[in-house]
Amino acid sequence: MLRFLLRPRINDEESLVGYVERISTQNCYKDSLGIYRLLHSSTRDLQNNMFSNVDAIILGDLTGKLIDNLTSKSYFQWIIKHQSSSNYVLRNQIKFCPECVKIKGIHKYIWGFHPVCICLEHQRILINLCPKCNKNITLTELLRSGVCKKCSCKILIDANNKSILSPEYISSQTLIQQCFLGGNPLLKNTTISNAEDFFSLARISFHILEGLQSFLNEEHLLINTFTNKRNGNLDNQKNLISWGNFVWMYDDFPMNYYQVLNEFSKKSRKTLYEQKSRYEEGLVNKEFSIIRKAYEDFWIGKLNEGSIRKDFSIFKSNQQLIKKRIALRREEVKHATGMGYGKMNRLQEIGKLDLKLNGFGNQQRYIVNQDSLNKVIEDRNTYIHKHEAANILGITSDSITLLIKAEILQEYATSYAHNKMILKKDIEDLLQEFSGTYQRSFRGIPFHDALIKYSVIGLKIVDLIRFTKDGILHPRIKCHNGTLADVSYSEYELERCITLLKEERRETKGYYFSEIMKILHVGEKKLKLLLVEKQIEPDEIIIFRDGRKRYLYFLSKIEEIRKALR
């Protein structure tokens, strides 16, 4: 195969399809199709700068150029290395900078990618349509005649591409073009270190940016990432805005990132959930771990503000995130603890609960600080009601009342209930002190049976505790972690206690009728007649629930009866 007669040097910035166009022109080919017929790939692929390795070998023979130098100018190799980002290669249309074409007469390799929107050398937006008829321009029209076949417009003369003055756009395009030319991206404070991850991050980030207002000091410009075509053609201006905002989003990370997410969080619920789920699907990439953490921290912050609920999707997929929050909605506190709004307000007034009103207008919500709530719950759990104390001790609430009256237990006024409460520790200490020692095989009279058996004598729980404390009773418990209901007493010790109770009662309340009979050695009939005859009345009459009566006489009355018997 004969080589071309004229074999110009390939420019370092030139695309291979542009070079073939120049060669065909200089070697007097009517168009580049004559050269394409010598190659293996389809005309459509070649026009899109998709020259295979076989095509490069043939062109190497025709031009005498190094094959590696030729393949590096084709998008074929770039797509092989970046298959997941192959859609970033521009197809069936071209972009160009009129100034570059005028000066160098070439089509640059870098112009063949969608995200590339600026000529960095001249700091102007690239042109992708005829400046008059807004139709696509072919590479042949650009490099050969310079005239649009559709409207006869002189492309390079009539083109008026806008200057770019924004430093954010210049810096973002510099970064993007470095990625396409083999350089590594530099997104501060992130772990993005290669072009593949950079473009992968861009794809998912556009779901967040879509529909938001541009963050690059522009008024009323929306980011339309997924609608960046006009009449089927690429809208280079919208593309520039989208990619500029993407780079800005991760610049000065995470400050700008949080600003974007804050605006994103204001979207309608339907749009928010749809776009958020697509973004989260891409964040599973381990290279995005730092970004993922910042993303989660943002929503935890929103949860702390009360702007979102704990059933938000990100918390459903990762329950551990809930543990990181430092505040709860007032409604959550009520549902979780049963604490009413009034009680929360009282606790807030006395400085125990950190309750604040967050937000503005219709978005205002009461938020409770988690630490202050934990302290309130911890403090609240140190107190119990009477019925709770009774359950712990295995006795009735009436018995708790007796213990309080006897000052064995103490009640406290708290901000947690209208009624007074008891310290839980006091109950636990009382149970430990008066449940005795563990002895499973001990045979005695159980706690409640003792109270029932000696109720006629007036034995009460207060007496059992008092005699235990005085060392007269030595209780035994038949199980570990039991209650007073599991305690038993020696019958001998109980009888001794009953004797002491009778002596105490006699000194304070007097003697029963039967006891007077024994003291005075007199029969029941004679004593009754004497009391009626002498009109000696009892000092106290005890009436039981079943209607029975018992009579008590003080010691002075007994002496009066003794004298009457003489």
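Residues numbered from 1 in each chain as written. Predicted model: local features only at pLDDT ≥ 70, side-chain atom pairs only at ≥ 80, totals over all residues. Heavy atoms only, no water.

This paragraph deals with the packing of aromatic side chains. Between two aromatic rings, the relevant description is the distance of the centres plus the angle of the planes. Scanning the entire structure with this criterion turns up 33 aromatic pairs. Both rings, one in Tyr383 and one in Tyr412, keep their centres 6.3 Å apart while their planes meet at 70°; by these two values the pair is edge-to-face. With Tyr383 in strand β8 (residues 383-384) and Tyr412 in strand β9 (residues 411-412), this residue pair connects regions lying 29 residues apart in the sequence. Geometry around Tyr273 places Lys276 over its ring, the cationic atom sitting 5.5 Å from the centre. (Phe/Tyr/Trp six-rings, centres within 6.5 Å; stacked < 30°, edge-to-face > 60°. Helix = DSSP H or I, 4+ residues; strand = E, 2+ residues; numbered from the N terminus. Lys NZ or Arg CZ within 6 Å of the ring centre and 35° of its normal.)

Right, let's get into the packing of helix α27 (residues 524-533) against helix α28 (residues 555-565). Helix-helix packing is described using two parameters, namely the angle between the two axes and the distance between the axes. Put simply, α27 and α28 touch, their axes get as near as 11 Å, and they point 100° apart. In terms of orientation, α27 lies roughly perpendicular with respect to α28. Every residue of α28 that contacts α27 at Lys526, Leu527, Leu530 and Leu531 is listed here: Ile561, Ala564 and Leu565. Partitioned by chemical class, the residues of the contact of α27 with α28 number six nonpolar, no polar and one charged. (Axes fitted to C-alpha atoms, helices over the stretch in contact; angles between N-to-C directions. Parallel < 35°, antiparallel > 145°, perpendicular 65-115°, else oblique. Contact = heavy atoms within 4.5 Å. Nonpolar A, V, L, I, M, F, W, Y, C, P; charged D, E, K, R; others polar.)

With that settled, the discussion passes to the confidence of the model for the protein chain. Looking at the protein chain, pLDDT values average 89 and 98% of them are 70 or higher. Mean pLDDT in the protein chain bottoms out at strand β3 (residues 229-230), which sits at 53, and peaks at strand β10 (residues 421-423), which reaches 96. (pLDDT = per-residue confidence, 0-100.)

Moving on, we get to the side chain of Asn27. Along the polypeptide, Asn27 turns up in the loop between α1 (16-26) and α2 (33-36). The residues touching Asn27, leaving out its near neighbours within four places in the chain, are Phe4, Leu5 and Leu6.

Before going further, it helps to examine the sheet that holds strand β16 (residues 540-543). Here three strands make up an open sheet; going across it, the order is β15-β17-β16 and the pairing antiparallel. Two strands close off the open sheet at either side, each with one partner strand: β15 (511-512) and β16. Examined bridge by bridge, β16 and strand β17 (residues 549-553) share four bridges and lie antiparallel to one another. When the sheet's bridge partners are listed, Ile541 is paired in β17 with Tyr551. (Pairing = 2+ DSSP bridges.)

This part is about the sheet that holds strand β13 (residues 476-477). Strand pairing in a sheet is mediated by backbone hydrogen bonds. Such pairs are either parallel or antiparallel. Read across the sheet, four strands follow the order β11-β13-β14-β12 without closing on themselves; strand pairing throughout is mixed. Edge positions in the sheet fall to β11 (437-438) and β12 (445-446), since each has one partner strand and no second. Of the strand pairs in this sheet, β12 and strand β14 (residues 487-489) are connected by two bridges, and their pairing is antiparallel. From the neighbouring strand, Ile445 faces β14, where its bridge partner is Tyr489.

Here we come to the environment of Ile58. Along the chain, Ile58 falls in helix α4 (residues 53-63). Along the sequence, Ile58 and Leu39 sit 19 residues apart, while their C-alpha atoms lie 6.8 Å from each other.

Of the consecutive residues Phe253 and Pro254, the connecting peptide bond is found in the cis state with omega at 5°. With respect to the helices, strands and loops of the structure, Pro254 is situated in the loop between α12 (236-250) and α13 (255-264). Phi at Asn481 takes a positive value of approximately 60°, unusual for a residue other than glycine. On the basis of relative accessible area, Asn481 is assigned to the exposed category, the value being 82%. (Buried < 20%, exposed > 50% of the residue type's maximum accessible area, 1.4 Å probe, protein only.)

A few words now on the pattern of salt bridges. Considering all chains together, one arrives at 24 salt bridges under this definition. We note a salt bridge from Lys104 to Glu121, for which the minimum N-O separation is 3.4 Å. Taken together, the residues Lys104 in helix α7 (residues 98-104) and Glu121 in the loop between β1 (118-119) and β2 (124-125) connect sequence positions 17 residues apart. Note that Asp297 and Lys293 form a salt bridge whose closest N and O atoms lie 2.9 Å from each other. Here Asp297 pairs with Lys293, and both are found in helix α15 (residues 289-305), just four residues apart, close to one helical turn. Each of Glu13, Lys104, Lys108 and Glu121 takes part in salt bridges that share partners, so that together they form one network. (Salt bridge = Lys/Arg side-chain N within 4 Å of Asp/Glu carboxyl O.)

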